[in-house]
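# Observations on the model geometry
Single-letter residue listing:
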Amino acid sequence: MNFLGVQSLIAIISHLFFILLTFWALKGIRIENMMKKNNIGQARVLYLFVTIAIGYTVSTFFIEFILSSQNLIFLFY
């Protein structure tokens, strides 16, 4: 496998992991109380979008943090 393929696979796994972790964490929030009555479909779509946005952002942060910490070695060359 080439480096880009491995890096892409790690990014996809990381994104999915953090999206699922965010979904699990948001289950503790009662979002139904903040929505209007009879708008369950809209509440579910909003819940899904918020989960994806937070999970993707956290995953991107961790991937960038790891890559940046690996590049710190070039500071001393």
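To start, this report covers the structure provided alongside it.

## With respect to the environment of Trp 24
The residue Trp 24 is located in helix H1 (residues 3-26) in this model. With 15 residues separating them in the primary sequence, Trp 24 and Leu 9 have C-alpha atoms 23 Å apart.

## A closer look at the layout of surface pockets
In this structure, the largest pocket spans a volume of roughly 320 Å³. Residue lining of the largest pocket: 15 residues in total, with Ile 31, Glu 32, Met 35, Ile 40 and Ala 43 positioned closest to the centre. Split by residue class, the lining of the largest pocket holds 7 nonpolar, 2 polar and 6 charged. Here the second largest pocket is characterised by a volume of approximately 240 Å³. Contributing to the lining of the second largest pocket are Phe 3, Val 6, Gln 7, Ile 10, Ala 11, Ser 14, Phe 62, Ile 63, Ile 66, Leu 67 and Gln 70. Listing elements by their share of the lining of the second largest pocket, those giving two or more residues are H1 and helix H2 (40-71). Sorting elements by how many residues they give to the lining of the second largest pocket places H1 first, with 6 residues. Tallied by class, residues from the lining of the second largest pocket come to 8 nonpolar, 3 polar and no charged.

## Re the packing of H1 against H2
Where H1 meets H2, the axes come as close as 7 Å, and the angle between the chain directions of the two elements is 135°. It follows that H1 is oblique to H2 by the angle criterion. Of the two elements, H1 crosses H2, and the hand of that crossing is right-handed.

## Looking at the environment of Phe 23
Mapping Phe 23 onto the fold places it in helix H1. The spacing of Phe 23 and Lys 37 is 14 residues in sequence and 23 Å in space, taken between C-alpha atoms.

## Observations regarding unusual backbone geometry
A positive phi angle, near 65°, is found at Asn 38, a position not held by glycine. Following the sequence through the fold, Asn 38 ends up in the loop between H1 and H2.

Reading guide: rules and limits
- Residues numbered from 1 in each chain as written.
- Predicted model: local features only at pLDDT ≥ 70, side-chain atom pairs only at ≥ 80, totals over all residues.
- Heavy atoms only, no water.
- Helix = DSSP H or I, 4+ residues; strand = E, 2+ residues; numbered from the N terminus.
- 1 Å grid on protein atoms, 1.4 Å probe; cavity = no way out; pocket = protein on both sides within 12 Å on 5 of 7 lines; lining within 4 Å.
- Points joined across faces, edges and corners; volume = space filled by probe spheres on them.
- Nonpolar A, V, L, I, M, F, W, Y, C, P; charged D, E, K, R; others polar.
- Axes fitted to C-alpha atoms, helices over the stretch in contact; angles between N-to-C directions.
- Parallel < 35°, antiparallel > 145°, perpendicular 65-115°, else oblique.
- Left-handed = near helix turned anticlockwise from the far one by under 90°.

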